[in-house]
Amino acid sequence: MNAATQHPFLTRPRRTVLALTLPVVISQIAEPLTGLVDTAFVARLGAPPLAALGVGGAAISLLLWLFYFLGISTMTEVAQALGRGQLMRAREIASLGLLLAGVAGTLMLLAGLIGPDLLARFMGAAPEVHDLAVDYIRLRLLGAPAVLLTMVGFGALRGLQDMRTPLRVAVVVNLINILLDLPLIYGVGPLPALGVTGAALASVIAQYLGLAMLLRHLRRRPGLCWHLDRHDIQVLLRAGRDLVVRSGLLTIFLMLSTRVANQIGPEAGAAHQAMRTLWLFGSWLADAFGTCAQSLVGFFFGAAQLRHARRAAAVTILQGLATGVALCLMSLLATSLVLEAFVPPEATAAFLSAWPVAALTLPLAALAFVSDGIHWGTGDYAWLRNGMIVSTAIAGAALLLTDTSAPQAFLLVWLALLLWLAIRSCFGLLRIWPGHARAPLRHMRLTEPA
């Protein structure tokens, strides 16, 4: 009997989605939670260090997300192989993904020797922020190989619907990071106070310790091998052709928003870093449903069970949207707490001018991220690329036309982000409902086995 006909989703869809999503939720929010802790610690140092943390974090994201396709394509291929019962192919894909991630991470590490100054300048760092941002970027790039290898390893395990191992690794990594923050940022005993550079060093140490833990699990399941097939390399890189454009534009838009905020002034830059960190925290929480959707849809798509794949898409979208609405309400209710914990006093006015709009973006982010996961599961990368091109062109133009000297300039930055997410959501949903003859979740309908 086909394994797809025995999947627990068929009898308990909502419970299965929650069971797969909950571990991802915890692991997904672990990194933004550490970002919140970093922000809270560095905020005590003043606006320039906090703005440098924002500039450095956005610059690192720009480089890492260029290779984000390796984790996505590895997860999709492994999930579809699982649906077809091809466990050996799942092992080969996971091993190949790790190899490519190691190569990409090494290239990023080398870029740390020449690129930090250019990245800080491109991000629009003010003079009092520039040197701090350069030091942060240079040190964080030392951890690039560990980050990319971990990303691909998580993709392989989640493609096998093992959500708990990535959870354990993520919790350990971020717990180590948090424990190292205090002594490295402020100094303890013989350890000097390193400031924002200490936050970067804590992240790098934790990332390599987590990678060692993850590789031990991967050697057991799915296992590692050195049989590399040229066709598999082409499959992963072909996905990269579209996903690099998509992820690159996503990163460029978020980076552009950070640049415009910093051009408004250090206070707006500090407020944007606090809001960006909190927004990423909420967005990654909703994105956990996108990861679940990718695994489930990829599994049923690989098994040619299109009716079940569409049902998985519907359940994950509804639950993801409900999560986004709840996060929006919680954010608005927690405004005073957020101000006290994460925002320097001089940045309060800028923060309050845009915070309600930032909260309203969370339901749209949930729709965008879950629909992304659905299309990743089917391998419909070109559609996501096209949607990102349109949304980034329109909302990016709005950012570039923003008058940074205007009284409400910082509010306009977040209104542009709201527009960006709205366009992405429309593209994602219309591909599924109503869809059309060439859409993957309709294209195989006539050939679905009885």
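You'll find the structure just up there.
## Digging into the overall build of the protein
Reasoning step 1: Along its length, the protein carries 17 helices and zero strands.
Reasoning step 2: In terms of C-alpha radius of gyration, the protein reaches 21 Å, essentially the compact-globule figure of 22 Å for 450 residues.
Reasoning step 3: The dimensions of the protein, computed from C-alpha atoms along their principal axes, are 65 × 45 × 35 Å.
Reasoning step 4: Residues classed as buried in the protein amount to 62% of the 450 residues present.
Reasoning step 5: In the protein, 85% of the contacts between residues at least 6 apart in sequence involve partners at least 24 apart.
Reasoning step 6: On the protein, roughly 17,900 Å² of surface is accessible, and the fraction owed to carbon and sulfur atoms is 68%.
Reasoning step 7: Looking at the protein, you have 32 positive and 21 negative side-chain charges, and the mean spots of the two groups are 14 Å apart.

## Examining the pattern of salt bridges
Reasoning step 1: All told, the structure shown has five salt bridges when counted by the stated rule.
Reasoning step 2: Between D372 and R246 there is a salt bridge, with the nearest N and O atoms lying 2.7 Å from each other. Here R246 lies in helix α10 (residues 230-264) and D372 lies in helix α14 (residues 348-378), a separation of 126 residues in the sequence. As far as burial versus exposure is concerned, D372 and R246 are alike and both buried.
Reasoning step 3: In this structure, D380 engages R431 in a salt bridge whose closest nitrogen and oxygen atoms are separated by 2.7 Å. In this pair, D380 is assigned in the loop between α14 and α15 (381-400) and R431 in helix α16 (residues 409-432), connecting sequence segments 51 residues apart.

## Comments concerning empty space enclosed by the protein
Reasoning step 1: Tallying each qualifying case throughout the model produces five cavities of 30 Å³ or more.
Reasoning step 2: Put simply, the parts of the chain that give the lining of the second largest cavity at least two residues each are α10, α11 (266-302) and α14.
Reasoning step 3: No other element matches α11, which puts five residues into the lining of the second largest cavity.
Reasoning step 4: In the lining of the second largest cavity, the residues fall into 10 nonpolar, two polar and three charged.

## Observations regarding a nonpolar patch on the surface
Reasoning step 1: A surface patch of nonpolar side chains, amounting to about 910 Å² of accessible area, comprises L99, V103, L107, L110, L113, I114, W226 and L228.
Reasoning step 2: Tracing the backbone through its elements, the reader meets L113 in the loop between α4 (87-111) and α5 (116-122).

## Quick word on the layout of surface pockets
Reasoning step 1: Approximately 320 Å³ is the volume found for the largest pocket.
Reasoning step 2: L278, F281, L327, M330 and S331 are the residues nearest the centre of the largest pocket, which is lined by 17 residues in total.
Reasoning step 3: Looking at side-chain class alone, the lining of the largest pocket contains 14 nonpolar, three polar and no charged residues.

## A short note on helix α3 (residues 69-84)
Reasoning step 1: The terminal C-alpha atoms of α3, which comprises 16 residues, lie 22 Å apart, in line with the 22 Å expected from a rise of 1.5 Å per residue.
Reasoning step 2: Along α3, 15 of the 16 residues are buried, which leaves the element largely enclosed by surrounding structure.

## Brief notes about the state of the cysteines
Simply put, the disulfide is a covalent bond whose two ends are the sulfur atoms of two cysteines.
Reasoning step 1: Inspection of the entire model under this criterion finds zero disulfides.
Reasoning step 2: Not engaged in a disulfide, the cysteine C328 finds its nearest cysteine sulfur in C426; these two sulfurs lie 18 Å apart.

## What to know about the nonpolar core
A general tendency of soluble globular proteins is for nonpolar side chains to be buried together.
Reasoning step 1: W279, I374, F410, W414 and W420 are the most contacted members of the largest nonpolar core, which totals 141 residues.
Reasoning step 2: Take this core: its biggest share by element is 19 residues, from α11.
Reasoning step 3: When sequence neighbours within four positions are dropped, the list of residues in contact with W279 reads L254, A358, T361, L362, A365, W414, L417 and L421.

Rules behind the numbers
- Residues numbered from 1 in each chain as written.
- Predicted model: local features only at pLDDT ≥ 70, side-chain atom pairs only at ≥ 80, totals over all residues.
- Heavy atoms only, no water.
- Helix = DSSP H or I, 4+ residues; strand = E, 2+ residues; numbered from the N terminus.
- Rg over C-alpha atoms; globule rule 2.2 N^0.38 Å.
- Buried < 20%, exposed > 50% of the residue type's maximum accessible area, 1.4 Å probe, protein only.
- Contact = heavy atoms within 4.5 Å.
- Areas by Shrake-Rupley, 256 points an atom, 1.4 Å probe, with all protein chains shown as cover.
- Lys, Arg positive; Asp, Glu negative; His and termini not counted.
- Charge placed at Lys NZ, Arg CZ, Asp CG, Glu CD.
- Salt bridge = Lys/Arg side-chain N within 4 Å of Asp/Glu carboxyl O.
- 1 Å grid on protein atoms, 1.4 Å probe; cavity = no way out; pocket = protein on both sides within 12 Å on 5 of 7 lines; lining within 4 Å.
- Points joined across faces, edges and corners; volume = space filled by probe spheres on them.
- Nonpolar A, V, L, I, M, F, W, Y, C, P; charged D, E, K, R; others polar.
- Patch = residues over 30% accessible without salt bridge, like charges linked within 9 Å, V, L, I, M, F, W, Y side chains within 5 Å.
- Expected span 1.5 Å × (residues − 1).
- Disulfide = S-S within 2.5 Å.
- Core = buried A, V, L, I, M, F, W, Y, C linked by side-chain atoms within 4.5 Å.

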